[in-house]
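Architecture at a glance
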Amino acid sequence: MKSFLIRAKIAFLTAGLMLVGTVADAQAGLNLGETVLTESTSALQNLLDSIVSLLQVVMGIGAIVVLAIVIFQVFKGEREAAQKLAWWVVGLTLGFTLLSVVSGLID
């Protein structure tokens, strides 16, 4: 009878240790999942920030080219050049404003 009780205790303790080990493994997997999620979110935010910066540079270069063309047209005496200059300012302002808003939403 004593042998049976000892074996029952050993079986019970073994089952308890297996359960604790399973919980610890699950916790380690959960921590790994959180780490992967955090790293991937950070990488995506960095990628989107880089895209916004690239768009700002492209818009700036395009704005400089358009401004040079409009100034050239003003010197040629075209009347519509002033209106094009106004549209240039409005478009550039709206473009940078929208990119700033998108950049703020990403962070």
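The structure we're discussing is the one just above.
Residues numbered from 1 in each chain as written. Predicted model: local features only at pLDDT ≥ 70, side-chain atom pairs only at ≥ 80, totals over all residues. Heavy atoms only, no water.

A tally of helices and strands in the chain yields two helices and zero strands. Burial statistics for the chain: of 107 residues in total, 8% are counted as buried. Taking contacts inside the chain between residues at least 6 apart in sequence as the whole, the part at least 24 apart equals 70%. For the chain, the computed accessible surface area is about 8,700 Å², with 75% contributed by carbon and sulfur atoms. (Helix = DSSP H or I, 4+ residues; strand = E, 2+ residues; numbered from the N terminus. Buried < 20%, exposed > 50% of the residue type's maximum accessible area, 1.4 Å probe, protein only. Contact = heavy atoms within 4.5 Å. Areas by Shrake-Rupley, 256 points an atom, 1.4 Å probe, with all protein chains shown as cover.)

Our focus in this paragraph is helix α2 (residues 81-106). Note on helix geometry: an α-helix contains 3.6 residues per turn, so any two residues three or four positions apart are oriented the same way. If you check α2, its first and last C-alpha atoms are 37 Å apart, about what 26 residues at 1.5 Å a residue would give, namely 38 Å. For α2, every residue scored as buried is listed here: Ala 81, Trp 88, Gly 95, Leu 99 and Ile 106. (Expected span 1.5 Å × (residues − 1).)

This part is about the side chain of Gln 73. Among the structural elements, Gln 73 can be located in helix α1 (residues 2-76). Of the residues examined, Gln 73 reaches a relative accessible area of 14% and is grouped as buried. If we ignore the near neighbours within four places in the chain, the residues touching Gln 73 are Glu 78, Ala 81 and Lys 84.

Let us now look at the environment of Ser 100. Mapped onto the fold, Ser 100 is located in helix α2. Under the relative-accessibility criterion, Ser 100 is labelled partly exposed at 45%. For the pair Ser 100 and Val 52, spaced 48 residues apart in sequence, the C-alpha to C-alpha distance is 8.4 Å.

Relative to the elements of secondary structure, Val 70 occurs in helix α1. Take Val 70: its relative accessible area is 4%, and that puts it in the buried class. Note: C-alpha distance between Val 70 and Trp 88 (18 residues apart in sequence) is 8.8 Å.

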